[in-house]
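Observations on the model geometry
This is what each chain is made of:
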Amino acid sequence: MHRFKTSKRNKLKIRNWLFLSLWLALSTAAVGADHLGVLGSKPKWDVLEHYQKTITHDDFAHLINDVYCTHGFADDLIKIDNGAVTILTNRESQKFFTLQFAAGPDSKAHIPRLWRPAKSLPTTRESKPLAGLRIALDPGHLGGKWAKMEERWFQVGDTKPVTEGDLSLRVSRMLAPRLRRLGARVLFVRNSTQPITPKRPGDFLDLAKKILIKNGVPTPRPGTLPSDDPIREQTVHWQSEMLFYRYSEIRRRAVLVNTQLHPDLVLCLHFNAEGWGDPANPTLIDDNHLHLLVNGSYLKDEVDYDDERFEMIRRLLSRAYDEELAIAETVAASMAKATGLPPYQYPTTLTTTKVGSTGYVYARNLLATRLYRCPVVYCEPYVMNSKDGFARIQAGDYEGVKEINGLTRKSIFREYADSVADGLAEYYSKARGL
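This is a predicted model, so every value here is computed, not measured.

Definitions and cut-offs
Residues numbered from 1 in each chain as written. Predicted model: local features only at pLDDT ≥ 70, side-chain atom pairs only at ≥ 80, totals over all residues. Heavy atoms only, no water. Core = buried A, V, L, I, M, F, W, Y, C linked by side-chain atoms within 4.5 Å. Buried < 20%, exposed > 50% of the residue type's maximum accessible area, 1.4 Å probe, protein only. Helix = DSSP H or I, 4+ residues; strand = E, 2+ residues; numbered from the N terminus. Lys, Arg positive; Asp, Glu negative; His and termini not counted. Salt bridge = Lys/Arg side-chain N within 4 Å of Asp/Glu carboxyl O. Contact = heavy atoms within 4.5 Å. Pairing = 2+ DSSP bridges. Axes fitted to C-alpha atoms, helices over the stretch in contact; angles between N-to-C directions.

**Remarks on the nonpolar core**
Counting residues in hydrophobic clusters, the biggest one holds 84 residues, and the most contacted among them are Phe60, Leu179, Leu267, Leu292, Leu424 and Tyr428. When residues in this core are grouped by element, the largest group, 11 residues, is from helix α12 (residues 412-431). The next biggest cluster of nonpolar side chains, apart from the first, holds 40 residues, and it includes Met242, Phe244, Leu366 and Leu367.

If you want it as structure tokens, here you go:
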């Protein structure tokens, strides 16, 4: 575990790691031989039989070492030989899955996948570069009445509260018609402030209590505590909320994406934040930046989970990375040009790996980018509690331009939506040879 500077999102990442450490003892005890992540499902390793001889030794080794396992992995988990790779499926029972490599690029078998890379899309005209493309928009978080629970809420004086889930939904609804005009079929993973999961925090009270007991809290605390209370995370209430919005919600979105929507691309739309202190009296800062994420850079502890290791290998074999990195790089360049924002620099490289050439894209293992079985581009522009970002959010949406903080600016929502749409149009135009 490590600490980033003080960003709100990074504090939540730290909390997630604390939570995962709590889950470790419980998951092993609860499901016996299966070693699963939080609310994880037993992996179906036989699915990988469909990928036999679809990848060469060199391609597999590159993706494992340079993209997915840049932090290394335990020696017994993945063993790469000249003709095959052997992957541990269960440490307790010492079961393994063996994947045969293709002899060479010309002998590779067909890659089974439901999503389509740009080069396989049907011919289209220049004005419709996204024709035939299925794009799912995934506005980050929930917003509405859930924003305070998610800790994606702050307010300065009597101004309108800033809630990330509502901001991301607004951008998604603006982006959708832009993508449709370019020919895409647009699908929403979330199109309201209501959760996708049918579960609620109350459904996880017993599990939350077990987690706390396993972690050495013999009498878990009932009720709620203030957000700045150091033992707040020892309450059943806090743990059950985390299970609800951080894990159950994202896993349910993944079920929707993978079994009903079947997109060729998912765009996860977020706003960033740095540490704001008291959400009712937040600190506004000067820093404002931009970055995008693709899946990769798994930690050793993450690869150790049977389900995460399986999901990583399945994602690797589908070649989602090749497509999503190229899309992310083009969208990042478009957003950088439109926003003028510098790239975010992670203060450590303990959880991320910089990829591509623009300086704006990182690989990172997030639940959504791992579980969605297609290319995923995860956008993190604007620092909500930066002085510039806050002023632009408070200005709301408007046509044309306005002067904000001495600069003539487009609506922050339109700038976000336009720059993403422009980036996608540029990528698919080039990839389809238009």
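Back to the write-up after that little detour.
**Section: the side chain of Glu329**
With respect to the element layout, Glu329 can be found in helix α9 (residues 320-339). No salt bridge is formed by the buried Glu329. Its closest oppositely charged neighbour is Lys354, at 9.7 Å. Apart from the residues lying within four places of it in its own chain, the contact partners of Glu329 are Val355, Gly356, Ser357, Thr358 and Val361.

**Here's the deal with the pattern of salt bridges**
Counted by the stated rule, this structure contains 20 salt bridges. Residue Arg309 is joined to Asp306 by a salt bridge in which the shortest nitrogen-to-oxygen separation is 2.8 Å. Residue Arg309 and its partner Asp306 are both found in helix α8 (residues 306-318); the two are separated by three residues, about one turn of the helix. Comparing Arg309 with Asp306, the two get one shared label, buried. Here Arg414 and Asp397 are joined by a salt bridge, their closest N and O atoms 2.8 Å apart.

**Structural notes on the sheet that holds strand β7 (residues 185-188)**
Ordered by their spatial adjacency, seven strands build an open sheet running β7-β4-β8-β12-β9-β11-β10, and the pairing between neighbours is mixed. Among the strands making up the open sheet, the edge pair consists of β7 and β10 (353-354). Examined bridge by bridge, strand β4 (residues 134-139) and strand β8 (residues 265-269) share five bridges and lie parallel to one another. In the sheet register, Leu137 faces β8, and the bridge partner there is Leu267.

**What about the sheet that holds strand β2 (residues 84-90)?**
Reading across from one edge, β1-β2-β3 is the order of the three strands in this open sheet, with antiparallel pairing throughout. Edge positions in the open sheet fall to β1 (78-80) and β3 (95-100), since each of these has one partner strand only. For this sheet, the mean angle separating the axes of adjacent strands, direction not counted, is 20°. Helix-sheet contacts for helix α2 (residues 57-68) involve β1 and β2, and the interaxial angle to β1 is about 145°. Taken strand by strand, α8 contacts β1, β2 and β3, and its axis lies near 150° from that of β2.

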